[in-house]
Amino acid sequence: MPFQMIHKALTALVIVVTSLTSTVNAQEFPPKKTITIVVGFAAGGSADSAARVIAKKLSEDLGQNVIVDNKPGAGGNIAHAYTATAPTDGSVILFGSIGPLSIAPHLMKLPYDPQKDLAPLTMGVTFPNVLVVIPELGVKNFKEYIAMAKKNPGKITFASTGSGSASHLQGELLNVRADIDTVHIPYKGGSPAMVDLLGGRVSSYYSALATADPYIKNGKLIPIATTGLKRAPTLPNVPTIAESGYPGFDASNWYAFVAPGKTPDLILERWNKALVAVLKDKTISTQLADHGLTPNPGTREDLAKYIASQSVTWGKIISERKITAE
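Thresholds, definitions, all that
Residues take numbers from 1 onward in each chain, read along the sequence in its written order. For a predicted model such as this one, the threshold for reporting local features is a pLDDT of at least 70, and the threshold for listing and counting side-chain atom pairs is 80 or more; totals across whole chains, interfaces and linings nevertheless cover every residue. The side-chain values count all of the structure's non-hydrogen atoms but skip hydrogen atoms and water molecules. Put simply, DSSP marks the helices as runs of H or I at least four residues long and the strands as runs of E at least two long, and each gets a number from the N terminus on. Using a 1.4 Å probe on the protein chains alone, a residue whose accessible area is under 20% of its type maximum counts as buried, one over 50% counts as exposed, and one in between counts as partly exposed. Pairs of residues are marked as contacts when any of their non-hydrogen atoms sit within 4.5 Å. What makes two strands pair is DSSP finding at least two bridges between them. Only C-alpha atoms enter the line fits that serve as axes; for helices the fit covers just the stretch in contact. Angles between N-to-C directions range over 0 to 180 degrees. To estimate the expected span of a helix, count its residues, drop one, and scale the result by 1.5 Å.

Trainee: So what's going on with the environment of Leu107? Which residues, and what values?
Mentor: Looking at where Leu107 falls in the secondary structure, it is placed in the loop between α4 (98-103) and β4 (118-127). Looking at Leu107, the relative accessible area reads 17%, which means it is buried. Taking the C-alpha atoms as reference points, Leu107 and Lys33, separated by 74 residues in sequence, lie 37 Å from one another. Those residues in contact with Leu107 that sit more than four places away from it in its chain are Gly164, Ile318, Ile323, Thr324 and Ala325.

Dropping the structure here:
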């Protein structure tokens, strides 16, 4: 065989071997560098707390350094946009949330498509909000709340953490399902909403459980219903809206794990297995429960379907109620 032919054959072989090696290295798991879990909210909140509990266990299981990177702002959209263009080698994953993944696309033009530019890994945790009222409103339970709202359209106000937020859409969903007219009052976050609620400037609020808990215990707020399909373990005597005359009412909050959309399937599958193992760990479940969060691990396919179904649900409410981001 002529030298030139041998040279060409060897060159081709080197290219093939190099290509295969690059593919293997690109799909190495865990990647041989620090792994980052991106969180779209500030340190100290429920998302951040849960991510740090999970990150510590992941680091132990994978034998690799796992850190939490907080990128707050724009209701979590900054973190989601960042992750959509992050490295696809498995070194960056996102603890995504209901707002950017299922609600924001119906309210604003985003620089990314949640269902194309982010790849589902597994549902992380779910948690309901609790509908609380001030004693001055004069209702003691959910039935009385609905009765007052029907008798006095526009009298009852409800606070939210901002227009288009989960706490806003929960109130609008109840308006639609119960055919009532409670008035939305938006705030720039949970703290100012709670301040005005306690001050009597608004009459009700779809609050995070942990936020409302101390005020429920001291009698300053009355819990009348929770927004998930099951009763909250921390409020076992408080009924769900679903069991109070509105079957199927499910306005749970959730955080789910996603990765950059172009991440190879092999890495996505490995991430699913690693995260599911952590979320099923009894110690981790207990730690998350302390923050009012319920682990809900599943398949990548299940999460993709759930995100899509949530998008349909909230898109319909946004359209019907003519909700805007402002």
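Okay, back to it.
Trainee: Explain the sheet that holds strand β1 (residues 35-39) residue by residue, including any values.
Mentor: Taken in spatial order, the six strands line up as β2-β1-β3-β10-β4-β11 in an open sheet, and their pairing is mixed. Here the strands that pair on one side only, and so sit at the sheet edges, are β2 (66-70) and β11 (294-295). Here β1 runs beside β2; their pairing, made up of five bridges, is parallel. The residue of β2 that forms the bridge with Ile37 is Val68. Each of β1, β3 (92-97), β4 and β10 (253-260) is contacted by helix α3 (residues 77-84), which is oriented at about 145 degrees to β3, the strand it contacts most.

Trainee: Give me the lowdown on the pairing of strand β5 (residues 129-133), citing residues and values where you can.
Mentor: β5 sits mainly inside the fold: five of its five residues count as buried. Residues of β5 alternate between two faces, with Asn129, Leu131 and Val133 on one and Val130 and Val132 on the opposite face, all of them buried. Taken together, the five bridges between β5 and strand β8 (residues 204-208) define a ladder with antiparallel strand orientation. Within the sheet, the bridge partner assigned to Val130 lies in β8 and is Ser207. In the sheet, β5 pairs with strand β9 (residues 222-226) via four bridges, with the strands oriented antiparallel.

Trainee: I'd like a description of helix α2 (residues 46-62), backed by residues and values.
Mentor: End to end, α2 covers 24 Å across 17 residues, agreeing with the expected 24 Å (1.5 Å per residue, within 8%). Among the residues making up α2, those that are buried are Ala47, Asp48, Ser49, Ala50, Ala51, Val53, Ile54, Ala55, Lys57, Leu58 and Leu62. Buried residues belonging to α2 abut β1, β2, β3, β10, α9 (265-279) and α10 (282-289). Positive phi appears at Gly63, one or two residues downstream of α2, with a value of about 65 degrees.

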